[in-house]
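Residue-level structural notes
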Amino acid sequence: MTLSQNHSAGRRHFLCGCAGLVGLSTLSLAGCSRDTDGHQSQAPLEIDPQTSCSLDGMLLADFPGPKGQIHYVQDRQVDWFCDTVELLSSLIAPEQVRAVKAAWVQDMAKADWDRPKGHWIDARQAWYVLGSQRKGSMGPTAASFASEADAKAFASNHGGQVHRYAEIKPEMVDLTGGALHDTRM
């Protein structure tokens, strides 16, 4: 093999290796997109019969009310929540700070309350009704909506206060109630 042929063969191997890396990079970004700030965001996943809550292990499909999911920057695994109060508590007053890639809740103007599936909306852009008469998997919940009009209509029918995500304070989604104050245990 001449020096010229050897150089050409090495160049082909190098270019093929680079093409392979580009292909792998493209595959690793499948399912991701860029949001308006240039950060990678993750499309919402769908609940299946085995999807369980990351906090308490409850099967999401077995309970009524809005559900949620958080995709963290450093994790491949999704944190699922059987109730939006749990999700909001994790986002607003997290025990450990982790960068969030995306957070999703269900638009309850479109999803069936008793068997919610699909209709995912950005949790940080949603409207919430706190204190309504409708119960979720953990009792009182934060009903989530894509539009203010739908949130107000829900509050008119079921009670509660309408809030934007940015208005929700940690004490509004405090998880220290529940089992800690359950005298039946």
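Residues numbered from 1 in each chain as written. Predicted model: local features only at pLDDT ≥ 70, side-chain atom pairs only at ≥ 80, totals over all residues. Heavy atoms only, no water.

What follows concerns the pairing of strand S8 (residues 139–145). Burial runs high along S8: 6 of the 7 residues are buried. One ladder, built from 6 bridges, connects strand S7 (residues 127–136) with S8; its direction is antiparallel. Its bridge partner lying in S8, Val129 is registered against Ala143. Here S7 hands over to S8 after 2 residues, the two strands then running antiparallel side by side. (Buried < 20%, exposed > 50% of the residue type's maximum accessible area, 1.4 Å probe, protein only. Helix = DSSP H or I, 4+ residues; strand = E, 2+ residues; numbered from the N terminus. Pairing = 2+ DSSP bridges.)

Bringing the pairing of S7 into the picture now. Note: S7 against strand S9 (residues 161–164), 4 bridges, orientation antiparallel. Looking at the pairing, Leu130 lines up with Gln161 of S9.

Looking at the protein chain as a whole, its pLDDT mean stands at 80, while 73% of the residues score no less than 70. Confidence drops under pLDDT 50 across residues 6–40; counting only partners more than four residues distant or on other chains, this segment forms 16 contacts. Every residue in residues 178–185 scores below 50 in pLDDT, and together they form 2 contacts with partners more than four places removed in sequence or on other chains. (pLDDT = per-residue confidence, 0-100. Contact = heavy atoms within 4.5 Å.)

It is worth spelling out helix H3 (residues 148–158) at this point. Those residues of H3 lying buried are Ala151, Phe154 and Ala155. One side of H3 carries all its buried residues, which in axial view fall inside an arc of 100°. More than 90 degrees from the buried face of H3, the exposed residues found are Ala149, Ser156 and Asn157. Where H3 is buried, its residues contact S7, S8 and S9. Once H3 ends, the next one or two residues include Gly159, with phi positive near 80°. (Arc of directions from axis to C-beta.)

Within a beta sheet, neighbouring strands are joined by backbone hydrogen bonds and run either parallel or antiparallel to one another. Read across the open sheet, the 4 strands follow the order S4-S3-S5-S6; overall the sheet is antiparallel. Of all the strands in the sheet, just strand S4 (79–81) and strand S6 (120–122) have a single pairing partner and so form its edges. Averaged over neighbouring strand pairs, the angle between their axes works out to 25° when direction is ignored. In the sheet, strand S3 (residues 68–72) pairs with S4 via 3 bridges, with the strands oriented antiparallel. Bridge pairing in S4 places Gly68 opposite Phe81. (Axes fitted to C-alpha atoms, helices over the stretch in contact; angles between N-to-C directions.)

Turning our attention to the environment of His119. Mapping His119 onto the fold places it in the loop between strand S5 (100–106) and S6. Sequence spacing of His119 and Ala109 is 10 residues, and the spatial spacing of their C-alpha atoms is 9.0 Å.

With that out of the way, let us pick up the pattern of salt bridges. Here the structure, examined in full by the defined rule, presents 4 salt bridges. Two residues, Arg124 and Asp122, come together in a salt bridge whose shortest N-O distance is 4.0 Å. For Arg124, a relative accessible area of 31% gives the class partly exposed. In this structure, Lys152 engages Glu148 in a salt bridge whose closest nitrogen and oxygen atoms are separated by 3.2 Å. In this pair, Lys152 and Glu148 both sit in helix H3, 4 residues apart, roughly one turn of the helix. Residue Lys152 is classed as partly exposed on the basis of its relative accessible area of 48%. Connected through salt bridges with shared partners, the residues Asp75, Asp79 and Arg98 form a single ionic network. (Salt bridge = Lys/Arg side-chain N within 4 Å of Asp/Glu carboxyl O.)

As a further point, take the side chain of Ser144. Within the secondary structure, Ser144 is located in strand S8. Among the residues examined, Ser144 registers a relative accessible area of 0% and is labelled buried. Side-chain polar atoms of Ser144 contact the backbone oxygen of Gln106, separated by 2.5 Å. Beyond its immediate stretch of four places on either side in the chain, Ser144 contacts Pro66, Thr84, Val105, Gln106, Asp107, Met108, Trp127 and Tyr128. (Polar contact = N/O pair within 3.5 Å; in protein donor to acceptor, adjacent residues only side chain to side chain.)

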